[in-house]
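Single-letter residue listing:
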Amino acid sequence: MATMVAYSVAIFSMIAFIALWFWMVKKELKAKRNMVGSAKAQLDASRTQRMKTTDTLEAQKAQEILVRSINIYQQSLELYKKALHKPWNYLPGLIMGFRFVGKEDIH
């Protein structure tokens, strides 16, 4: 009987540990992915604004904002990639459906 209780406690502890592990990975990767989404929205808005100001006095300012938005987007992609590549995040992240995001939308 005591052996059965010990095994039950061990199994419960292992399941709780794995659930907590997956929950923490999901929380971290979701925050990074949301950051990439926000940076992408900012980049799209900057592109739109730059196209609207093509032949105006505000063109230089809009171009500078676009360059900053591209840098922010690249940095957020890099942070997401690093978070997904962490050894303790990689397997749970892939199991939960987190995938790599490419740089195809930058230019």
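Here, the structure is the one placed above.
Residues numbered from 1 in each chain as written. Predicted model: local features only at pLDDT ≥ 70, side-chain atom pairs only at ≥ 80, totals over all residues. Heavy atoms only, no water.

K.L.:
Would you explain the environment of Leu29 in this entry?
P.N.:
Residue placement: Leu29 occurs in helix 1 (residues 2-52). Separated by 60 residues in the primary sequence, Leu29 and Asn89 place their C-alpha atoms 8.2 Å from one another. When sequence neighbours within four positions are dropped, the list of residues in contact with Leu29 reads Tyr80, Ala83, Leu84, Asn89, Gly93 and Phe98. (Helix = DSSP H or I, 4+ residues; strand = E, 2+ residues; numbered from the N terminus. Contact = heavy atoms within 4.5 Å.)

K.L.:
Help me out: how do you make sense of the pattern of salt bridges in this one?
P.N.:
A side chain of one charge can pair with a side chain of the opposite charge when the charged atoms of the two come close. A complete count under the given rule lists three salt bridges for this structure. For the salt bridge of Lys86 with Glu28, the shortest nitrogen-to-oxygen distance reads 3.1 Å. Of this pair, Lys86 sits in the loop between helix 2 (59-85) and helix 3 (87-95) while Glu28 sits in helix 1, and the two are 58 residues apart along the sequence. Residue Lys86 is classed as partly exposed on the basis of its relative accessible area of 29%. According to the relative accessible area criterion, Glu28 is partly exposed, its value standing at 23%. Taking the shortest distance from any N to any O, the salt bridge between Asp44 and Arg47 comes out at 3.8 Å. Note that Asp44 and Arg47 are positioned in helix 1 at a spacing of three residues, about one turn of the helix. Under the relative-accessibility criterion, Asp44 is labelled partly exposed at 32%. Connected through salt bridges with shared partners, the residues Lys40, Asp44 and Arg47 form a single ionic network. (Salt bridge = Lys/Arg side-chain N within 4 Å of Asp/Glu carboxyl O. Buried < 20%, exposed > 50% of the residue type's maximum accessible area, 1.4 Å probe, protein only.)

Such coordinate-based values are descriptive only and should not be taken to indicate function.
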